[in-house]
Amino acid sequence: MLKLILLKPLETPEQNVRRLSCKPDIVLPHSDCYETNLENLTGCSQCEILYCSDACRQRAYDTYHRILCHDTADAQHPIMILLEAWKQMHYPPETTNIMLLVRILAFIQQSSDPQAAALKFKQFCHRTVNEDAELVHKLLGEQFTSQLETLRELTSNVINGEYIQEFLSPEGFCSLMALIGTNGQGIGTSPLSMWVNAVLELTMSDDERQQLDLFIDKLYEYVQDESGTFLNTEGSGLYQLQSACNHSCAPNAESSFPYGNHRIQLKAVKPIMPGEEICISYLDECALRRSRHSRQKELAQNYLFVCWCDRCTTEASQPDCTSEEDMSEDEIDADD
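Thresholds applied
Residues numbered from 1 in each chain as written. Predicted model: local features only at pLDDT ≥ 70, side-chain atom pairs only at ≥ 80, totals over all residues. Heavy atoms only, no water. Helix = DSSP H or I, 4+ residues; strand = E, 2+ residues; numbered from the N terminus. Buried < 20%, exposed > 50% of the residue type's maximum accessible area, 1.4 Å probe, protein only. Contact = heavy atoms within 4.5 Å. Areas by Shrake-Rupley, 256 points an atom, 1.4 Å probe, with all protein chains shown as cover. Core = buried A, V, L, I, M, F, W, Y, C linked by side-chain atoms within 4.5 Å. Phe/Tyr/Trp six-rings, centres within 6.5 Å; stacked < 30°, edge-to-face > 60°. Lys NZ or Arg CZ within 6 Å of the ring centre and 35° of its normal.

Could you clarify how one ought to interpret the overall build of the protein in this entry?
Within the protein, the secondary structure is distributed over 15 helices and eight strands. Classification of the 336 residues of the protein by burial places 40% in the buried group. Long-range pairs, those at least 24 residues apart, make up 67% of the contacts in the protein with a sequence separation of at least 6. With an accessible surface of roughly 18,800 Å², the protein has 48% of that area assigned to carbon and sulfur atoms.

Quick look at the structure:
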């Protein structure tokens, strides 16, 4: 992994659920079954951004933060202006992709070998200029041409230097945005879910288990009512090995984050034989349940390829209509 972000939650499960539910009196039973060590929390001496430890702070400073450190209270700082512009263009989590891009540039600029660092990211790019433009169009929407130029100019105000000039040109910036759009892996960690997973492993009576299940259901109700679906510490990262996994509509592995931080796990979901290719799904579970035509349409739009995995090959005789079209026709038949 190119370690640009660690994403370890900086609160206990109890603090987490209290904040998300706005209920400061919630007390979690068995709180000791999942420990969160907050004793080593520290902040940057200049911008006060928090880190889980001094070692983490120093690693960030040496990797990218030295260039990007700024006064977070200054609304006119170039980073704050860039973030605000991104929020107006993109759906939540608003800051994730654009800050990954900025950290990539800082990573290259701060590296002891900038050319080698830049090459790491170029290895992710294998598309034409027109394909990159299509992907960025999908990411930003109908106004993508003007928005892309705005983002490029604002990013240039944040960070500039001889080693990253190629990425700040119109074509280079478009390529970098497309790289993040296709290879960026969403990262989600949650102290609450880690506590839930831990407490469900405890040995207890059936009555205790039933009461605990009801308590957990009620917790998620409170959180849903107050915070909606934004429960995780959200982020984005690039994983060199994981990004090499091709897509399949019948994947034999899946990505997850079971450690409560940036560490990704590729877990087999079915037996994998020696020499067999490891494939993940670029589509979510809902999209995977749709028709072959619907899946291929989404993959063509978002990743610019036609899938010929074993499942798509087997379903090649299916009609070329999307799941929505199937449903509409069924409804018309039912009305008749």
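After presenting the structure, the write-up continues.
Got a minute to help me understand the nonpolar core in this structure?
Looking at soluble globular proteins, one finds that nonpolar side chains tend to be buried together. Ile 104, Leu 105, Ile 108 and Leu 151 are the most contacted members of the largest nonpolar core, which totals 44 residues. Per element, the largest residue contribution to this core is 10 residues, and it comes from helix H4 (residues 96-110). Once you skip the residues sitting within four places of it in the chain, Leu 105 turns out to touch Thr 155, Ile 159, Ile 164, Phe 167, Leu 168 and Leu 176. Leu 20, Trp 195, Val 196 and Leu 219 belong to the second-largest nonpolar core, a separate cluster that totals 14 residues.

Any chance you could explain the packing of aromatic side chains here in plain terms?
What describes a pair of aromatic rings is the distance from one ring centre to the other and the angle between the planes of the rings. All told, the structure shown has three aromatic pairs when counted by the stated rule. Look at Phe 107 and Phe 121: their rings are 5.8 Å apart centre to centre, the planes differ by 85 degrees, and that puts the pair in the edge-to-face class. One end of the pair, Phe 107, is in helix H4; the other, Phe 121, is in helix H5 (residues 114-122), with 14 residues separating them in the sequence. Since its relative accessible area comes to 0%, Phe 121 is described here as buried. Sitting over the ring of Tyr 222, Lys 23 keeps its end group 4.7 Å from the ring centre. Its guanidinium or amino end placed over the ring of Tyr 259, Arg 263 lies 4.0 Å from that ring's centre, counting from NZ or CZ.

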